[in-house]
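# Notes for the structure review
What follows is the residue order along each chain.
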Amino acid sequence: MRSERTWPITVLLAAASLPLLVMYAYLILDTFTDSAPGAVFPNRFTLEHWRFLTERQGSRASIWQATLNTFIFATSTTALVLFISSTAGYALSRLAMPFRRLFLGGVLILHAFPTITLIIAIFLILQMLGLYNTLTGVILVKASLELPFGIWIMKGFYDTVPWEIEMSGIQDGAGRFQVWRELVLPMVYPGILALGIFSFLSGWSEFILPQVLAPDASVQTLSVYMASLIFDDQNFNFNLFKSVGLFYMIPVIILYLVFQKYLMNIYGGGTKG
Amino acid sequence: MTRQAWLGFGFLAPATLFVVAFFLAPVVMTGFFAFTNMSTATGITGGTYRITEGVISRLAGSEDVPAPLIEALGQQQSVVDPTGLAALAQGDFDAAFVAELEEELGGRTFASQRELEGAIRDLDNRPRRVRDIKAAAELFERSVLNVDFATQADFAEAIQAYAGPVPDTAMTALARAAYTGWSMTTDNFSRLFNSPELGTVAVNTVFYIFATLTLFNTGFALVLAITTFYLPSRQASFFRTVWLLPRISPPVLYVLLWKWLAWDTGFLNAVLEPLGVAGRNWMFDSETSAWTFVILINGFVGASMGMIILSSAIRAIPQPILYASAVDGAGRLQQIRHIILPQLRWPLLFITSYQTLSLLTSFEYILLSTDGGPGSTTEVWALAAYHTALRNYAGNLQYGYGAAMALVLVVFGIAMSFVYLRLFNFKALVGRPRIEQ
Amino acid sequence: MDIRIENFTKRFDKTTVIEDLSLTVRDGEMMALLGPSGCGKSTTLFAICGVYTFDEGRLFFGERDVTGLASQKRNVGVVFQSFALYPHLTVAQNIGFPLKVRGESRAEIDRQVRSAAEMVRVPELLDRRPGQLSGGQQQRVALARALIRRPDVLLMDEPLANLDAKLRLDMRTEIRRLQQETGITAILVTHDQVEAMSMCDRIAIMREGRILQIAAPRDMYDRPDDTFVAGFLGNPPINFVETQVVDGHCRTQRDTVRVPLPERLIGLPAGAKLTLGVRPEFVQPSHHTRFTGRITFIESQGREDLFDLELEDGTVLRSIQSVGARVGVGDAVEWGISPHDVLFFDDAGQRL
């Protein structure tokens, strides 16, 4: 079946993929070359597009400040999501308690809910709470919106842990908390890792939330920084934008290459987009 | 209650707290804000009561408020009364000046503060600095024009003190007109249903979802999944990785690459100009070209989710079935038609329902690419809500109206979520916990 | 320490799965809970170890009422069907886990783990992880972990079901040896009658949430209380023949088989319906009570041969014999039944 000729398929796919191939090839190429206006191929090697690493762009904070903000934002949301989902997911998967069905139904409904529709209300709430234009506010919001999905994923991982492991732990004299902490949690490490990587990437790439909730220069994340650079009419330079973009994407590429297998499951399992 | 139930509540507490505060509250509040006229003008924390020129002109011809009262409220007035004199005596003023003012001007009324200032200047013991004269005159300002009152009671009291007794109905109408904060209203919804612009936006939205969904999120995803299945594994994984790039790239960067492709002196023009096609910015050139880019940008991202899900569904088909069909002489197309496609019915249903909701509500990529333009040709519902409430060039952000627009999406989202509940077979997911004690 | 269950009832939602069950396991005894799947044997076991609660009834370990006691405080060792070893811990950590939970010193844990590993004969595996062990080794580790706290009671839920045939034989003797060496009171849940009979002092046979009979294996095999028990024990299974009483005998409708009634049953009225239970080993060429039939099937089991005999009226009798009979499929033979060993059951299936 697979011995039939495949080159027509290859050609077809290559043609369809051409825009992507061109865009990503030039993403890398353009960061260290210059082209004459309207020319297809570059004509000069240069490193000047990377000067943004040391020079401020206009009145913006330095790229390192934005990088630090992005890092704080992504890691904090990830930490919150992991901590909260790993406890809540366990409770929903394993613990007999009143209202369990209610909680489960709630999580199931919310995990599919299009959170971005809430942005207006969230903006107003953060204004009222005085958390507007703070990293804290946008971190809390991002983590909360990601939670139902995280809890749902973690519940799925806990569901695969055999009940007998827990029963055995109890017979060995451990309480439910100890059983969770010492026996069950280590068994879902792959799940925690997958969810962690996913949350981190999701936070790292997030645009709308920081753009709306924390646009100030001092709390800007890289996405907002880059968007403001692009929308600034004063200085229109695609090579610079691409260099910033490539810089922004490096952690994504590394994480993706290392954890590809884990991520495939979660990307297929129903994420936003 | 058992100990594990306590543990369970403890384990759920942080999640509940977060979700209630920043997820459920926004859901409820969207509904609430949708019934307010909140905007940049009203502020969001509540307002004060204040008679302005604008309020006066709006009240003109009102049935509830008598015309003389309106006219009186519009007047400025300064009265040298005991209250003002007492305040003056308390203040940092020369005692002789206070005494003289009381004696010369006590009990008189002036049509404006300026007139009073003029009268003060004629006094012998007047303060030397103009600023002090103004400060003294200000203490006798007795009009309510342009004065803020924190509560309705303060406002009513001041009006009565200034203009004498006012009937209740008039007072209520006055207070409503003078209030600067937001208030509850159903106007947003009548606006929503009567706005011709929003009608266009709704049509745009349906077109956008339908086109992206059929062409890319299901259509091209299916092509990708099936073709990569038949390719040698290295080629297949190369193409899958290429098509995953849009998904893993930060949206800002991804859209930037498309902009570069479409830009006036961008790649597309560089390639096309030698062929005699005039250069232009393809993303904004015409309605057609703008929509093409919007759909391409979203479709290239959306195709990957379908690709992943459908690929794994195809790989889940037992090999013997495929071998058997090949032995039976089925060509590739027949194999696809009779064996592969029937297996993909449920995954396709899932992708369709999931992506419909997702395309309906997400506006990130359009915001970053055309931002609804040129004009508002590519404006979709979610983006219109964002523009109305959070960012527009006019600068008057209409939070309430925007929330009403978002509420439509929220309601739709909740309805779709219940559909998921059915699709996922909820009962199977809530198996009873097996440890009882 | 003896285990006493009194009037145990268990419901899941509204279905009653165990009703009014009482059972006493004597001190140092190994008791099998035997029955088909879904009979409630595992539910009973989980209720004894505390995973399930009692809806009604009481549970005593010795004189102590443990009905409301948490699992952790019951001092029960359990071996699960899947062994339930903790995959991320080494063998030593697995075995030592109960002691670690109890907060014993590292040296003490180490010493006891070593001696427990020696008892189950896996001292060389202590640094491995469960994933690197064979099924039999995992079983031994699970036993060591269950026994290390010196529990009052040892419970085993289908402990041999996940092992292949050869290992199952080894572990049968191994578990019995450990139980006898430690003198622990043990309950074994199994659906396999051979396991129950070969390993246990007594068997409680269960069906649909009730105990049908409690007896020593030999007694239960020889004198089953009813047709279910008779049918459940023995492989190849017992033959049942429908008969009626006719002047001092009971015979099939067309008189293909005729067995004299023993003295104690002489009083039965003519025409009474009886079911005869004849174990295959009591159908032999040399036995007295003769009948004729045709061989329809022969299965060689090595040391023994298994025959299916079809009588004229279609009744099939199974016979197991030492290898040597020179007959083939289709041959007509006249063989006999040993009348002393025939079991008589009444209409309701109760043994007379």
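Residues numbered from 1 in each chain as written. Chains lettered and ligands numbered in written order. Predicted model: local features only at pLDDT ≥ 70, side-chain atom pairs only at ≥ 80, totals over all residues. Heavy atoms only, no water.

### Concerning the overall build of chain C
What chain C contains, in helices and strands, is eight helices and 20 strands. In terms of principal-axis extent, the alpha carbons of chain C reach across some 75 × 45 × 35 Å. Within chain C, buried positions represent 51% of all 352 residues. The long-range fraction of contacts in chain C, counting pairs at least 24 apart against all pairs at least 6 apart in sequence, stands at 66%. Roughly 15800 Å² of accessible area belongs to chain C as shown, and the carbon and sulfur atoms make up 45% of that amount. Counting 44 positive and 49 negative side-chain charges, chain C places the averaged centre of each group 6 Å from the other. (Helix = DSSP H or I, 4+ residues; strand = E, 2+ residues; numbered from the N terminus. Buried < 20%, exposed > 50% of the residue type's maximum accessible area, 1.4 Å probe, protein only. Contact = heavy atoms within 4.5 Å. Areas by Shrake-Rupley, 256 points an atom, 1.4 Å probe, with all protein chains shown as cover. Lys, Arg positive; Asp, Glu negative; His and termini not counted. Charge placed at Lys NZ, Arg CZ, Asp CG, Glu CD.)

### Observations concerning the overall build of chain A
When its secondary structure is counted, chain A shows eleven helices and two strands. Put simply, chain A runs from its N terminus to its C terminus through helices and strands in the order α-β-β-α-α-α-α-α-α-α-α-α-α. Across its three principal directions, the C-alpha atoms of chain A cover 75 × 65 × 30 Å. A buried classification covers 61% of the 273 residues belonging to chain A. As displayed, chain A offers around 10200 Å² of accessible surface, 67% of which is attributable to carbon and sulfur atoms.

### Focus: the environment of Thr44 of chain C
All names here are of chain C. Structurally, the position occupied by Thr44 is in helix H1 (residues 41-49). Thr44 gets classed as buried once you look at its relative accessible area, which sits at 0%. In this structure the C-alpha to C-alpha distance between Thr44 and Ile18, which are 26 residues apart in sequence, comes to 7.8 Å. Excluding residues within four positions of it along the chain, Thr44 makes contact with Ile5, Phe8, Ile18, Leu21, Leu33 and Met206.

### Here we look at the sheet that holds strand E13 (residues 258-260) of chain C
Residues and elements named next belong to chain C. Pairing within the open sheet is antiparallel, and its five strands lie in the order E13-E12-E11-E14-E20. The sheet terminates laterally at E13 and strand E20 (343-345), the two strands that pair on one side only. Each strand of the sheet is rotated relative to its neighbour by a mean of 35°, with strand direction disregarded. The pairing of strand E14 (residues 273-278) with E20 spans three bridges and is antiparallel. When the sheet's bridge partners are listed, Gly277 is paired in E20 with Leu343. (Pairing = 2+ DSSP bridges. Axes fitted to C-alpha atoms, helices over the stretch in contact; angles between N-to-C directions.)

### Regarding the domain arrangement of chain C
All names here are of chain C. With domains assigned, chain C is organised as domain 1 (3-228) and domain 2 (239-345). Listed as interface residues are five residues of domain 1 and, on the opposing side, five residues of domain 2. Here domain 1 meets domain 2 over a buried area of about 480 Å², counting both sides, of which 63% is carbon and sulfur. Taken as a group, Tyr221, Pro224 and Thr227 account for 84% of the area that domain 1 buries against domain 2, more than any other trio of residues on that side. Counting every contact that joins domain 1 to domain 2 gives zero salt bridges. (Domains from an automatic or database assignment. Buried area = accessible area lost by both parts, 1.4 Å probe. Salt bridge = Lys/Arg side-chain N within 4 Å of Asp/Glu carboxyl O.)

### So, the packing of aromatic side chains
On inspection of all chains with the given rule, the structure shows 51 aromatic pairs over all chains. Look at Phe200 of chain A and Trp204 of chain A: their rings are 5.7 Å apart centre to centre, the planes differ by 20°, and that puts the pair in the stacked class. With a gap of four residues between them, Phe200 of chain A and Trp204 of chain A both fall in helix H8 (residues 189-205), about one helical turn apart. Centre to centre, the rings of Tyr254 of chain B and Tyr365 of chain B are 5.7 Å apart; their planes meet at 85°, and the pair counts as edge-to-face. Placement of Tyr254 of chain B in helix H13 (residues 251-262) and of Tyr365 of chain B in helix H19 (residues 364-368) is noted, with a sequence separation of 111 residues between them. (Phe/Tyr/Trp six-rings, centres within 6.5 Å; stacked < 30°, edge-to-face > 60°.)

### Section: the packing of helix H6 (residues 113-121) of chain B against helix H7 (residues 130-138) of chain B
How two helices pack is summed up by the angle between their axes together with the distance between the axes. Residues and elements named next belong to chain B. Where H6 meets H7, the closest approach of the two axes is 9 Å, and the angle between their N-to-C directions is 120°. By the criterion of interaxial angle, the relationship of H6 to H7 is oblique. At the point where H6 passes H7, the crossing takes the right-handed sense. Contact residues: H6 offers Gln113, Leu116, Glu117, Ile120 and Arg121, while H7 offers Val130, Ile133, Lys134, Ala136, Ala137 and Glu138. Residues of the contact of H6 with H7, tallied by class, amount to six nonpolar, one polar and four charged. (Parallel < 35°, antiparallel > 145°, perpendicular 65-115°, else oblique. Left-handed = near helix turned anticlockwise from the far one by under 90°. Nonpolar A, V, L, I, M, F, W, Y, C, P; charged D, E, K, R; others polar.)

### What to know about the confidence of the model for chain C
Regions with low pLDDT should not have their predicted coordinates read in detail. Per-residue confidence for chain C gives a mean pLDDT of 90, with 100% of residues at or over 70. In the model output, the complex is listed with pTM 0.83 alongside ipTM 0.90. (pLDDT = per-residue confidence, 0-100.)

### What to know about the pairing of strand E6 (residues 76-79) of chain C
All names here are of chain C. Neither face of E6 is exposed, since Val76 and Val78 on one face and Gly77 and Val79 on the opposite face are all buried. By the bridge criterion, four bridges tie E6 to strand E7 (residues 153-157) in an arrangement that is parallel. Counted as the bridge partner of Gly77 is Leu154 from E7.

### What to know about the interface of chain C and chain A
In this complex, chain C contributes 24 residues to the contact, which on the side of chain A involves 17 residues. Buried area between chain C and chain A, summed over both chains or domains, comes out near 1700 Å², and the portion from carbon and sulfur atoms is 59%. The three residues of chain C that bury the most area against chain A are Gln72, Tyr86 and His88 of chain C, which together make up 30% of that side's buried surface. Where chain C meets chain A, there are two salt bridges. Note that Arg145 of chain C and Asp172 of chain A form a salt bridge whose closest N and O atoms lie 3.6 Å from each other. Joining chain C to chain A, the criterion identifies eleven residue pairs in polar contact (both at pLDDT 80 or more). Only H1, E6 and helix H2 (91-101) of chain C provide two or more residues apiece to the side of chain C that touches chain A. Broken down by element, the residue count for the side of chain C that touches chain A peaks at four residues, all from H2 of chain C. In the side of chain C that touches chain A, the residues fall into 15 nonpolar, five polar and four charged. (Polar contact = N/O pair within 3.5 Å; in protein donor to acceptor, adjacent residues only side chain to side chain.)

### Some remarks on the interface of chain B and chain A
On the chain A side, the residues contacting the 108 residues of chain B number 107 residues. Between chain B and chain A, a total of about 10000 Å² is buried, with carbon and sulfur atoms accounting for 80% of that surface. Of all residues in chain B, Phe11, Phe22 and Phe23 of chain B bury the most surface against chain A, accounting for 8% of the area lost on that side. For the pair chain B and chain A, the interface holds zero salt bridges. One can count seven residue pairs in polar contact (both at pLDDT 80 or more) joining chain B with chain A. Of all the elements, helix H1 (residues 3-33) of chain B adds the most residues to the side of chain B that touches chain A, at 21 residues.

### Here's the deal with unusual backbone geometry
Omega for the peptide link from Asn235 of chain C to Pro236 of chain C comes to 0°, which places this bond in the cis form. Its location among the elements puts Pro236 of chain C in the loop between helix H8 (227-232) and strand E11 (239-246).

### Let's talk about the side chain of Thr78 of chain A
Residue and element names in this part refer to chain A. Within the element layout of this structure, Thr78 appears in helix H2 (residues 63-94). Assessed through its relative accessible area of 9%, Thr78 is described here as buried. When near neighbours in sequence (up to four residues on either side) are disregarded, Thr78 contacts Gly196, Ser199 and Phe200.

### What to know about a nonpolar patch on the surface
Residue and element names in this part refer to chain A. A cluster of nonpolar side chains, namely Ile250, Ile253, Ile254, Leu257 and Val258, defines an oily patch on the protein surface of about 450 Å² accessible area. Turning to its location among the elements, Val258 is positioned in helix H11 (residues 238-268). Relative accessible area serves as the criterion here: at 55%, Val258 is assigned to the exposed category. (Patch = residues over 30% accessible without salt bridge, like charges linked within 9 Å, V, L, I, M, F, W, Y side chains within 5 Å.)

### Observations concerning the pattern of salt bridges
Residues and elements named next belong to chain A. The tally for this structure, following the rule as stated, stands at 35 salt bridges over all chains. In this structure, Lys155 and Asp159 form a salt bridge, with 2.6 Å as the shortest nitrogen-oxygen distance. Here Lys155 and its partner Asp159 are both found in helix H5 (residues 135-159), four residues apart, which amounts to about one turn of the helix. Accessibility expressed as a relative area gives 37% for Asp159, which makes it partly exposed.

### Looking at the sheet that holds strand E15 (residues 283-284) of chain C
Pairing is antiparallel in the open sheet, where five strands are placed in the order E15-E19-E16-E17-E18 (chain C). Edge positions in the open sheet fall to E15 and strand E18 (316-322) of chain C, since each of these has one partner strand only.

### A closer look at the pairing of strand E3 (residues 30-34) of chain C
Residue and element names in this part refer to chain C. Among the five residues in E3, five count as buried, and that is most of the element. Here E3 shows no split at all, with Met30, Ala32 and Leu34 on one side and Met31 and Leu33 on the other all buried. Bridge analysis of E3 against strand E8 (residues 185-190) gives five bridges, and the strand direction is parallel. From the neighbouring strand, Ala32 faces E8, where its bridge partner is Leu188. By the bridge criterion, four bridges tie E3 to strand E9 (residues 202-207) in an arrangement that is parallel. For Met31, the partnering residue across the bridge sits in E9 and is Arg202.

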